[in-house]
Amino acid sequence: MTNVKLMVVVFVGIILGAVFIDMLGDRNFDASHVQTVTNESITITLGTGTLANEGFISGIAMHNSTAGGVPTHTSGWANGTITSTYAGALTMAQFPGNGTWNVSYTYGDTTTYVHNAQARTILPLVLVFFALGILLVGAIWVYNSLKDYL
Amino acid sequence: MLGNLIGGFIVIVIGVTLMPIVADEVVRAQGGNVTGSASTILGLTPLFFALGIMSAGISLTVSGLRNAGLV
C-alpha cells in the first residue's frame, strides 16, 4: 500500500474510530449508570401503583406525601412489604389506605442497563481495548513508514 | 526518486492538514462518556498520527539519501 493510500486509511480509521468510541462510551454509561429517583409522587389504589420509570433495580422507600416527608419507610414497609417489578408495577401487602404517596428508588436504562455486576465490571475494558485499536491504526502507519529501516 | 519525493510531500502536506480534524474528533470523543484509561489511550491517537507524518518525512529523507548514495 502506498503512503498516500495508507494515510487515507489511517485518517478514515481514526475519524470513524473516534465516532464509534463516542457512541460506545454513551452505551457503556447507560449500561452501568444507576439513576436515583427521590420522592416521586404516585397514586396508590388498593395497594398497587405504577412507578414513572421502568427498569427498577432496588431501594424502594415510601412515605405519605401529606406528612411532610417523614417518616420514611424502606422495603420493609411497616404494614406489609413493598415489591416492584422490573416494569415498575408497585404492590404493597396490607396497605392501610388509598392516596398519593412519595416513593424513592433506583432504576437503570430499560434496554441497556446490565444487571450482572461482574459484566458491569468488565464493560470499561471494552472501551479501553477499542481505544487501543484506534491507537494501533496510527501505530501501523508509523511502522509501515519505518519498517525498511528498522 | 522523483515519484517518492512527490508522494512524500503529498503525504506530509495532507497529513498536516488532516491533523486538526483528528485532534478535534478525539477531543470531542473525550468530552463524552469516554473516561479513565480509555480516554487517556484515545488522547495518544493524535500523537501517533503526528508520528506517522513524521515517519513519512523520515522515510522520504532516508530513501532520498540512500538513492543518492549518501547513506
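These numbers come from a predicted model, not from an experiment. (Residues numbered from 1 in each chain as written. Chains lettered and ligands numbered in written order. Predicted model: local features only at pLDDT ≥ 70, side-chain atom pairs only at ≥ 80, totals over all residues.)

Structural notes on the overall build of chain A
Here is step 1: Each helix and strand counted, chain A has two helices and six strands in total.
Here is step 2: Listing each helix as α and each strand as β along chain A from the N terminus yields α-β-β-β-β-β-β-α.
Here is step 3: Looking at chain A as a whole, 25% of its 150 residues qualify as buried.
Here is step 4: Look at the contacts in chain A between residues 6 or more apart in sequence, and 76% of them connect residues 24 or more apart. (Helix = DSSP H or I, 4+ residues; strand = E, 2+ residues; numbered from the N terminus. Buried ≥ 20, exposed ≤ 12 C-beta atoms within 10 Å, placed from the backbone. Contact = placed C-beta atoms within 7 Å.)

Focus: the overall build of chain B
Here is step 1: Along the backbone of chain B there are three helices and zero strands.
Here is step 2: Helices (α) and strands (β) of chain B occur, in sequence order from the N terminus, as α-α-α.
Here is step 3: A compact globule built from 71 residues would reach a C-alpha radius of gyration of about 11 Å, whereas chain B, at 16 Å, exceeds it by more than 25%.
Here is step 4: With 71 residues in all, chain B has 31% of them scored as buried.
Here is step 5: Restricting the contact set of chain B to residue pairs at least 6 apart, pairs at least 24 apart contribute 63%. (Rg over C-alpha atoms; globule rule 2.2 N^0.38 Å.)

What about the confidence of the model for chain B?
Residues and elements named next belong to chain B.
Here is step 1: The share of residues in chain B with pLDDT of 70 or more is 99%, and the mean pLDDT across the chain is 88.
Here is step 2: When pLDDT is averaged over each helix and strand of chain B, the minimum, 88, is found for helix H1 (residues 2–30) and the maximum, 92, for helix H2 (residues 36–43).
Here is step 3: Note on the complex model: pTM 0.76, ipTM 0.81. (pLDDT = per-residue confidence, 0-100.)

Here's the deal with the nonpolar core
Here is step 1: By size, the foremost hydrophobic cluster in this structure holds 28 residues, and its most contacted members are Ile14(A), Ile21(A), Leu127(A), Ala131(A), Ile134(A) and Leu42(B).
Here is step 2: Taken together, the elements giving at least two residues each to this core come down to helix H1 (3–32) and helix H2 (117–146) of chain A together with H1, H2 and helix H3 (45–67) of chain B.
Here is step 3: With eight residues, H2(A) is the single largest residue contributor to this core.
Here is step 4: Residues within four places of Ile14(A) in sequence aside, it is in contact with Ile134(A), Val137(A), Gly138(A), Val22(B), Thr45(B) and Phe49(B). (Core = buried A, V, L, I, M, F, W, Y, C linked by C-beta atoms within 7 Å.)

Some points on the interface of chain A and chain B
Here is step 1: Listed by partner, the interface residues are 29 residues for chain A and 32 residues for chain B.
Here is step 2: Going through the elements one at a time, H1 and H2 of chain A are the ones with two or more residues in the side of chain A that touches chain B.
Here is step 3: For the side of chain A that touches chain B, the leading source of residues is H1(A), giving 14 residues.
Here is step 4: Tallied by class, residues from the side of chain A that touches chain B come to 21 nonpolar, six polar and two charged. (Nonpolar A, V, L, I, M, F, W, Y, C, P; charged D, E, K, R; others polar.)

Details of the pairing of strand S5 (residues 89–92) of chain A
All names here are of chain A.
Here is step 1: What you see with S5 is a clean split: Leu90 and Met92 sit on the buried side and Ala89 and Thr91 on the side with no burial.
Here is step 2: Relative to S5, strand S2 (residues 48–50) is paired through three bridges, and the arrangement is antiparallel. Directly across from Thr48, in S5, lies its bridge partner Thr91.
Here is step 3: Note that strand S4 (residues 82–84) and S5 share three bridges and pair antiparallel. Residue pairing for S5: Ile82 is matched across the bridge by Met92.
Here is step 4: Between S4 and S5, which follow one another and run antiparallel, lie four residues, and Gly88 among them has a positive phi close to 100 degrees. (Pairing = 2+ DSSP bridges.)

What to know about the sheet that holds S4(A)
All names here are of chain A.
Here is step 1: Spatially, the three strands line up as an open sheet ordered S2-S5-S4, and their pairing is antiparallel. Either end of the sheet is taken by a strand with one partner, and the two such strands are S2 and S4. With direction set aside, neighbouring strand axes in the sheet form an average angle of 20 degrees. (Axes fitted to C-alpha atoms, helices over the stretch in contact; angles between N-to-C directions.)

Digging into the packing of H2(A) against H3(B)
Here is step 1: Between H2(A) and H3(B), the least distance of the axes is 8 Å, while the angle of their chain directions is 10 degrees. Classified by the angle between their axes, H2(A) and H3(B) sit roughly parallel to one another. Listed contacts from H3(B) to Ile134(A), Leu135(A), Gly138(A), Ala139(A), Trp141(A), Val142(A), Ser145(A) and Leu146(A) of H2(A) are Thr45(B), Phe48(B), Phe49(B), Leu51(B), Gly52(B), Ser55(B), Ala56(B), Ile58(B) and Ser59(B). (Parallel < 35°, antiparallel > 145°, perpendicular 65-115°, else oblique.)

Some details on the environment of Val34(B)
Here is step 1: By the element assignment, Val34(B) lies in the loop between H1 and H2.
Here is step 2: The class of Val34(B) is buried, set by 30 C-beta atoms lying within 10 Å.
Here is step 3: For Val34(B), the contacting residues outside a window of four places in its chain are Ile21(A), Asp22(A), Gly25(A), Leu127(A), Ala29(B), Ser39(B) and Leu42(B).

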